[in-house]
Structures are given as C-alpha cells and as structure tokens.
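Results of the structural survey
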2 protein chains.
Amino acid sequence: MSNNAPLTPESPRGSLLLVGFGPGSEEHLTHRAKWAIEHAEIIIGYRTYIDLVRPLIQNKTIIQTGMTEEIERASQAVDLAFSGKTVALVSSGDVGIYGMAGLAYEVLADRGYTGTEIDVEVIPGVTALSACASILGAPLMHDFASISLSDLLTPWEVIRKRLRAAAEADFVIALYNPKSSKRVRQIEEAREIMMEVRDHDTPVGIVKSAMREGENIVISNLSEMLTHPIGMLTTILVGNSQTRIIAGKMVTPRGYQKKYNIHTGDRLTKSKTL
Amino acid sequence: MSNNAPLTPESPRGSLLLVGFGPGSEEHLTHRAKWAIEHAEIIIGYRTYIDLVRPLIQNKTIIQTGMTEEIERASQAVDLAFSGKTVALVSSGDVGIYGMAGLAYEVLADRGYTGTEIDVEVIPGVTALSACASILGAPLMHDFASISLSDLLTPWEVIRKRLRAAAEADFVIALYNPKSSKRVRQIEEAREIMMEVRDHDTPVGIVKSAMREGENIVISNLSEMLTHPIGMLTTILVGNSQTRIIAGKMVTPRGYQKKYNIHTGDRLTKSKTL
C-alpha cells in the first residue's frame, strides 16, 4: 500500500484535522483517524463523540460542547489552528457526510482563509450507512440515496421532494436523523410517501447505535416499520424493488442473476458493453 | 471505545470475512479490515485489489482472478469457508457498496445457507464517495444520491431515470463507474440530463485513484467536465444548487448560514423543532 500523506511530525504552522472516527468501535476506526486523534494537541467535539474516543486521548486539551453548538465548535477549531495549534475536530461516522467538515470550511471562508495559512485535512471514516449496511447484510449493492429527515436547516418541502424522487426512481434509501423527541412526524410522512410508490413488503432495516454500546438491529418492512422503536440514534435503510431477505440478512442483488447462472457462473445471455 | 466484536482466535468452523479495505492507502484501512486480512488463511480478490493489500499478506493462500470473474470469486470464497477455512474476500472501498458482499450472499443462498453453517461478517470500509469527498473538500454535507453508470447489469433506462430524479430533487450526485474504454456514451448522456435541470456552473469534482498511486483531482463544472480525463478509475461528485468553491475546495453548505451568523454564531431567526 502506498502512504500518500506521510505521517509527518507536527508542522511548524497550525493544522486543522477534520476527523471522522467511524461508528464508535475502535476496530472500525481508520489508522489515519487514530493517528490524528493521538497527534493533535487539542481535540474538539460534541460531548457524546468525545466520550467515544476518550480512551485514545491522553495529556491533551479537550474542548467538548453541546449538540446545538456546532458553529462554536467549528470557530474554536479554526481559530486555534490559526494560532498555530494542531487541532482535531472530531465527528462520528464520516466527518464529510452530514458532519462538521463543511461548517469548518464555511468558518474558514469567514476568516479569510485562502488555502495557504494553515494545513487543513479531511480524514474520512466509515459513515453510518456503511456501518448499518454491513450489520444488516448487503442492502447497498445498487444505487442509493441518502436523506436526512431533520428539517432544522432544510425546508421540509425539499426533503419531501427528495423522498418522493428517491422512492419513484427505485433507489435504496438511507434515512439519517429519522426522529427526535420533538420531531416525530417526519418519519411517518416519509413512510407514507414511500408506501405510495413502493411495495408495502419492501425490506426496511432499522439500526440503533451501530457497532457501539446499545446496538439494536431490526429487519422489518414498509408496512410495519413504525411498530419498532426509532430515535435519535437510529439509521434506517429502505430496500429497492429487488431487495430480499437471505438467511435473515437484507440483500439487494446487483443483477448478476439476470445474466448469469449464480450456481455455475455461466453466462445466460450475451452481455452488452463492459 | 467499545469493541463489539472481539478479536477472537480462529473459530472451529469456517468463516467468510467480506472485507472493504478503503481507497488503498494503508492509512485509511480500518483496524478490523487489517485484522481480517492478517487473520484469514485464504485471501480472494480481483488481481488489482490483491496488489493493493499485498504488503499485509504473508504466508497465505492467495486466489486472484480477473475483473469479470466475480461469481467465480464469490463461489470459491463461499465453498472454501464451508470446507472449514477462514476466508477473506476483499474489495477496495466498502465491500458493502457496489462491492462483493451482495454476490457472496447470493451464492450463500444458492448453497442453502441458513445463517448457521459458517460465520459471515461484512467489514465496512471507507467507500469511494467518502474518500473522494474528503479530497475535494466537503461536498457531501447534504442529501446525496449514488449512481453507477455501468449498464452491464442494469438497464440504461433505469439509470437514466435515477439520474433525472436525483438532478431534479437537487441531490449531490456521486457517479461510480462513469466510463470505460468500451463504455463512453453514458457519462455524456448523464451530463446532458443534469445540464437540463441544473445550473451549468454547478461544481463537479473528478477524482482518479483517490488516495493511491496516480491520484489526480480536478474541480470543474457541468459545462466543462468532459474536457478532463475520465476513466475506469474515476469517481465523480456533482454538487447541488448550494455547492460552492471555498479556497479551492468544493463545499456544500448544510444550511447554517440561513439561520445563524457564521461569524458570531448568533441565531438569526427562531428555529423550528430540533
């Protein structure tokens, strides 16, 4: 394997490391993310995320804030990096998927960053849809859409439109942030939209706290999905028209069975272009 | 961090480890994927992938096959696991996203697997869209759709429909398998569909061989994207209507700037539910 970004000693100027540490189990952390957490002088994150990586953090400054203080976290991280520190701003999953990487860049723009003043590195991680898919079986073998049901920053009409488009075009659908204690109607409406165009027995995987304490896995279907607990820590994967259950797992065939005999590997028809 | 799946010694019966090793740099491999490759007795994979992980493989049986021999690879892996071996079937990226995990389950079904005969574990990795996004900046901060342009196993009409749906609903769009030497028309048609409904200056990131030898990164736009090289090793990310360039990086705002002053962190309007 090539190491494109060598594990260099601390740079003489500030560094902002935007780190996704995966689902929360150290096993599913990448080596680069672990290096970043160990290498940084200052770790900044949402309190719950800091707790997940605390065993890796020793003799460092830790700045932990509450859930709604994203701008404060990003601002502190950027400003400390500009002051010459090596700062890791950490998110669970992939910091580049619904994570803090974008807000960090927005704050960098606000501070007049031109791309040269500090080093910025986004370190990707295993995102929730990957972690959940691996536990459920293999539901993401075909085209998929990822939709957050949080309408805190996005108008619900935009989200509705995406749900309908994804359902009609037969995407596998990953739902992030399906429900909170105050936000309960969105998952009901999302299900109604999907029920209008999809078979009611379409498999639905409901995963709470994938690969961390409290993990809970349910494979249900569109009809019955709301009879199971769904909350802040849940990610939902809705199959496409081909998704089926194999030995208790949720599997979306890629389409080999249309052109090949799965038993023998022989081609059934002449294939088109590669 | 909790270790949900302890690193146990070899089980007395066969194991099938379906392993995603990420973009190819050892830095972006998860600890669990590295363990699986080191722990397995037999490693099976597409020749190019085996070469990427070869430094980790010592004193093991290696079975490497060509690009179109997926069913053969999956069948060998399943049959060897049934014979009591510990087998790792490896893919780059995430084995659960357009990878070999689904085909392995289809072969398991063909062999009458009920969920108990052998141990099967899907080990997720950093998928291409995560790796490419991290290099490009932060384009996946909002809802996204992932579409493979390969019509080898999927009718082109289905792919066209998904492209149009994703473009109209303003998803960020990840295009896997955009082009091969024989399959050149699909990316042109995909661009035409997106040009019909999206601004022509929508940012487009074109990444070849993310985080491995030969990496090449271009940030272009819908108008000009086809003037850049695109091939078998390329993944493309097309922004949504909000995606912009910040210090040379491609960033999709989450929407904080609509409700908050990014400079001060102060709320501009009262927010709705959380």
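If you're wondering where the values come from, they're calculated on a predicted model, not measured in any experiment.

**Remarks on the domain arrangement of chain A**
All names here are of chain A.
- What the domain assignment reports for chain A is domain 1 (15-126) and domain 2 (129-258).
- Spacing between the C-alpha centres of domain 1 and domain 2 amounts to 28 Å.
- Counting residues at the interface gives ten residues for domain 1 and ten residues for domain 2.
- Overall, the association of domain 1 and domain 2 removes approximately 770 Å² of surface from exposure, summing both partners, and the carbon and sulfur fraction of that is 66%.
- It is Pro23, Tyr98 and Val126 that lose the most area in domain 1 upon contact with domain 2, and together they represent 59% of the buried surface on that side.
- If you look at where domain 1 meets domain 2, you find zero salt bridges.

**Some points on the packing of helix H3 (residues 70-82) of chain B against helix H4 (residues 101-110) of chain B**
Residues and elements named next belong to chain B.
- Where H3 contacts H4, the axes come no closer than 9 Å and their chain directions differ by 60°. By the criterion of interaxial angle, the relationship of H3 to H4 is oblique. As H3 runs across H4, the sense of the crossing is right-handed. Two secondary-structure elements touch here, H3 through Glu70, Ile71, Ala74, Ser75, Val78 and Phe82 and H4 through Leu103, Ala104, Val107 and Leu108.

**Remarks on the interface of chain A and chain B**
- Counting from both sides, the interface comprises 106 residues of chain A and, opposite them, 105 residues of chain B.
- Of the roughly 9400 Å² buried at the junction of chain A and chain B (both faces included), carbon and sulfur atoms supply 60%.
- For the pair chain A and chain B, the number of links is six salt bridges.
- Of the charged contacts in the structure, one is a salt bridge between arginine 162 of chain B and aspartate 143 of chain A, with a shortest N-O distance of 2.9 Å.
- On the surface where chain A and chain B come into contact, there are 34 residue pairs in polar contact (both at pLDDT 80 or more).
- Of the residues in the side of chain A that touches chain B, the class split is 48 nonpolar, 33 polar and 25 charged.
- Of the pairings in the sheet, the one linking strand E7 (residues 144-148) of chain A to strand E7 (residues 144-148) of chain B comprises three bridges and is antiparallel in character. What sits directly across from serine 146 of chain A, in E7 of chain B, is phenylalanine 144 of chain B.

**Looking at the pairing of strand E4 (residues 86-91) of chain A**
All names here are of chain A.
- Most of E4 is tucked away: six of the six residues are buried.
- Burial along E4 is two-sided: the face carrying Thr86, Ala88 and Val90 and the face carrying Val87, Leu89 and Ser91 are both buried.
- Judged from the six bridges that link them, strand E1 (residues 15-20) and E4 form a sheet pairing that is parallel. Across the sheet, leucine 17 pairs through a bridge with alanine 88, a residue of E4.
- With four bridges connecting them, strand E2 (residues 42-46) and E4 associate as parallel partners. Of the residues in E4, the one forming a bridge with isoleucine 42 is valine 87.

**Quick look at the sheet that holds strand E6 (residues 137-138) of chain B**
- Spatially, three strands are ordered E6-E13-E12 (chain B) in an open sheet, and the strand pairing comes out mixed. Edge positions in the sheet fall to E6 and strand E12 (244-246) of chain B, since each of these pairs with one other strand and no more.

**Overview of the pattern of salt bridges**
- With the rule as written, the count across this model stands at 32 salt bridges over all chains.
- Through salt bridges with shared partners, one network takes in Asp143, Asp170 and Arg198 of chain A together with Arg162 of chain B.

**Let's talk about the relation of the copies chain A and chain B**
- Overlaying chain A with chain B gives an RMSD of 0.0 Å, the required rotation being 180° about an axis along which the chain moves by 0.0 Å. Here the copies are linked by what is in effect a two-fold axis.
- In this assembly, 99% of the residues forming the interface of chain A have copies in chain B that are likewise at the interface, indicating an isologous arrangement.

**Focus: the packing of helix H6 (residues 156-168) of chain B against helix H7 (residues 185-197) of chain B**
Residues and elements named next belong to chain B.
- At their nearest, the axes of H6 and H7 sit 9 Å apart, and the two run at 30° to each other. Considered as vectors, H6 and H7 are oriented roughly parallel to each other. Once H6 is placed against H7, the crossing between them reads as right-handed. Across from Trp156, Arg160, Leu163, Arg164, Ala167 and Glu168 in H6, the residues of H7 making contact are Gln186, Glu189, Ala190, Ile193, Met194, Glu196 and Val197.
- Its residues placed into classes, the contact of H6 with H7 shows seven nonpolar, one polar and five charged.

**Considering unusual backbone geometry**
- Of note in this structure, asparagine 177 of chain A is not a glycine but carries a positive phi near 50°.
- Within the fold, asparagine 177 of chain A resides in the loop between strand E8 (172-176) and helix H7 (185-197).
- In this structure, methionine 211 of chain B takes a positive phi of about 60° despite not being glycine.
- The exposure class of methionine 211 of chain B is buried, given its relative accessible area of 8%.

**Observations concerning the confidence of the model for chain A**
- Averaged over all residues, the pLDDT of chain A is 92; the fraction at 70 or higher stands at 93%.
- Across residues 1-11 of chain A the pLDDT falls below 50, and counting only partners more than four positions away or on other chains, this stretch makes 36 contacts in the model.

**As for a nonpolar patch on the surface**
All names here are of chain A.
- A surface patch of nonpolar side chains, amounting to about 220 Å² of accessible area, comprises Ile217, Ile219 and Ile245.
- Among the structural elements, isoleucine 217 can be located in strand E10 (residues 216-221).
- When its relative accessible area of 36% is taken as the criterion, isoleucine 217 is described as partly exposed.

The rules we used
Residues numbered from 1 in each chain as written. Chains lettered and ligands numbered in written order. Predicted model: local features only at pLDDT ≥ 70, side-chain atom pairs only at ≥ 80, totals over all residues. Heavy atoms only, no water. Domains from an automatic or database assignment. Contact = heavy atoms within 4.5 Å. Buried area = accessible area lost by both parts, 1.4 Å probe. Salt bridge = Lys/Arg side-chain N within 4 Å of Asp/Glu carboxyl O. Axes fitted to C-alpha atoms, helices over the stretch in contact; angles between N-to-C directions. Helix = DSSP H or I, 4+ residues; strand = E, 2+ residues; numbered from the N terminus. Parallel < 35°, antiparallel > 145°, perpendicular 65-115°, else oblique. Left-handed = near helix turned anticlockwise from the far one by under 90°. Polar contact = N/O pair within 3.5 Å; in protein donor to acceptor, adjacent residues only side chain to side chain. Nonpolar A, V, L, I, M, F, W, Y, C, P; charged D, E, K, R; others polar. Pairing = 2+ DSSP bridges. Buried < 20%, exposed > 50% of the residue type's maximum accessible area, 1.4 Å probe, protein only. Least-squares fit on C-alpha atoms with pLDDT ≥ 70 in both. pLDDT = per-residue confidence, 0-100. Patch = residues over 30% accessible without salt bridge, like charges linked within 9 Å, V, L, I, M, F, W, Y side chains within 5 Å. Areas by Shrake-Rupley, 256 points an atom, 1.4 Å probe, with all protein chains shown as cover.

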